[in-house]
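# Coordinates in review
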Amino acid sequence: IAGRDTLLKRIEELDRSTPATVTSVNRIPGGRIFYEKELANEIVSKLYVRDGLDGQERILLDPAKYPVAEGSHNSISYYTPSWDGKMAAVGVSAGGSENEVIHILEVDTGKELPETIDRARFGAIVWRTDNRSFFYNRLQKLAPGQAATDYEQKSIDSLHVVGTDPDKDVPAFGFGLSPKAEIAAADVPFVLPTSNSRWALGLVAHGVLNEATLYKAPADAVGKPDTPWE
């Protein structure tokens, strides 16, 4: 924590001529640094990147560029860079709605990829070590006439491969997917692969309870039929 606080303060000090608040700093092995920054005259933060503290600061994503209803605004709810820092997935919501849409960016060029992922309220994006795919939680798409209270029920953690159609993403962990993982309709599932282990974790958040349940499975089996969760 102390190291992160020091880094936040140093980034804020780099340009004293423009007072700003820096949050959500993320330093990638190799030196690339991501962070959100809100200038004194702004109401929402933008996502920035620089290659090392001495590197040139670049705006990676300004949420104001997306259409929004008059009198409202977009904001960044969360972001996660890939392990190599070359990609970033960013959750943007309109007017504090918490109805996040995931946008995917190529960091070197700043180019945004064409696919977006809606219904990503909980997000929890975790990239795989291939740096071209990630797990994320997505709420169900309500059918016509279905109760609005069902929206946060039976969510699924899916695998998205960059450049593909999100509606064809592979369901990896969630309600009704495996008899080996007990997940209730109100639970929120997340897949947590790691960068240095052959195992992946399946975390089940039980609503507002402090307790959670953890499963494990071989990382290369997650998202395949009959994943051997334990």
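Check the entry above for the structure.
From a predicted model like this one, the values you see are computed outputs, not experimental measurements. (Residues numbered from 1 in each chain as written. Predicted model: local features only at pLDDT ≥ 70, side-chain atom pairs only at ≥ 80, totals over all residues. Heavy atoms only, no water.)

### Details of the pairing of strand 2 (residues 32-39)
Most of strand 2 sits out of view: six of its eight residues are buried. Sheet topology note: the strand 1 (residues 20-27)/strand 2 ladder contains six bridges and is antiparallel. Each residue of the ladder has a partner; that of Arg-27, found in strand 2, is Ile-33. The hairpin formed by strand 1 and strand 2 contains four residues between the paired strands, and Gly-30 there has a positive phi angle of roughly 110°. (Buried < 20%, exposed > 50% of the residue type's maximum accessible area, 1.4 Å probe, protein only. Helix = DSSP H or I, 4+ residues; strand = E, 2+ residues; numbered from the N terminus. Pairing = 2+ DSSP bridges.)

### A closer look at the sheet that holds strand 13 (residues 188-193)
An order of 13-14-15 is seen for the three strands of this open sheet, with the pairing classed as antiparallel. What marks the edges here is a single partner per strand, and that holds for strand 13 and strand 15 (212-218). When the angles between neighbouring strand axes are averaged without regard to direction, this sheet yields 20°. The pairing of strand 14 (residues 199-205) with strand 15 spans seven bridges and is classified as antiparallel. In the strand pairing of strand 15, Ala-200 is matched with Ala-217. (Axes fitted to C-alpha atoms, helices over the stretch in contact; angles between N-to-C directions.)

### Focus on the sheet that holds strand 9 (residues 123-127)
Two modes of strand pairing occur in sheets, parallel and antiparallel, and in both the strands are linked by backbone hydrogen bonds. Read from one edge of the open sheet, four strands run 9-10-11-12, paired in antiparallel fashion. With one partner strand each, in any of the chains shown, strand 9 and strand 12 (170-174) form the two edges of the open sheet. Shown here is a sheet whose adjacent strand axes are inclined to one another by a mean of 25°, direction ignored. Relative to strand 12, strand 11 (residues 156-161) is paired through four bridges, and the arrangement is antiparallel. Residue pairing for strand 12: Leu-159 is matched across the bridge by Val-170.

### Describing the pattern of salt bridges
As enumerated under the stated definition, the model contains 13 salt bridges in all. Of the charged contacts in the structure, one is a salt bridge between Glu-57 and Lys-37, with a shortest N-O distance of 2.9 Å. One end of the pair, Glu-57, is in the loop between strand 3 (46-51) and strand 4 (58-61); the other, Lys-37, is in strand 2, and 20 residues separate them in sequence. Of the residues examined, Lys-37 reaches a relative accessible area of 8% and is grouped as buried. The shortest N-O distance in the salt bridge between Arg-119 and Asp-118 comes to 3.3 Å. Within this structure, Arg-32, Asp-51, Lys-86 and Asp-108 form a network of salt bridges that share partners. (Salt bridge = Lys/Arg side-chain N within 4 Å of Asp/Glu carboxyl O.)

### Remarks on the side chain of His-160
Examined against the element boundaries, His-160 turns out to sit in strand 11. Polar contacts involving the side chain of His-160 include one to the side chain of Asp-169, which spans 2.9 Å. If sequence neighbours within four positions are ignored, His-160 has contacts with Ile-104, Glu-115, Ile-117, Arg-132, Ser-133, Phe-134, Tyr-136, Pro-166 and Asp-169. (Polar contact = N/O pair within 3.5 Å; in protein donor to acceptor, adjacent residues only side chain to side chain. Contact = heavy atoms within 4.5 Å.)

### Some thoughts on the pairing of strand 13
Counting buried positions along strand 13 yields five of six residues, so the element is predominantly enclosed. As judged from the six bridges shared by strand 13 and strand 14, these two strands associate in the antiparallel manner. When the bridges of strand 14 are listed, Pro-189 appears paired with Val-204. Linkage of strand 13 to strand 14, two consecutive antiparallel strands, is achieved through a turn of five residues.

### A word on the nonpolar core
Core analysis: the largest hydrophobic core is formed by 14 residues, its most contacted members being Phe-34, Leu-47, Leu-60, Leu-61, Val-90 and Val-107. Where this core is concerned, the elements lending two or more residues are strand 3, strand 4, strand 5 (74-81) and strand 6 (87-94). (Core = buried A, V, L, I, M, F, W, Y, C linked by side-chain atoms within 4.5 Å.)

### As for the packing of aromatic side chains
Aromatic rings considered in pairs are described by the distance between their centres and by the relative angle of their planes. A complete count under the given rule lists six aromatic pairs for this structure. Between Phe-34 and Tyr-79, the aromatic rings sit 6.4 Å apart at their centres with planes inclined by 40°, giving tilted as the arrangement. One end of the pair, Phe-34, is in strand 2; the other, Tyr-79, is in strand 5, and 45 residues separate them in sequence. Aromatic rings pair up to connect Trp-127, Phe-134 and Tyr-136 into one cluster. A cation over a ring is seen here: Lys-37 above Tyr-48, with NZ or CZ 4.7 Å from the ring centre. Residue placement shows Lys-216 over the ring face of Trp-199; its charged tip is 4.3 Å from the ring centre. (Phe/Tyr/Trp six-rings, centres within 6.5 Å; stacked < 30°, edge-to-face > 60°. Lys NZ or Arg CZ within 6 Å of the ring centre and 35° of its normal.)

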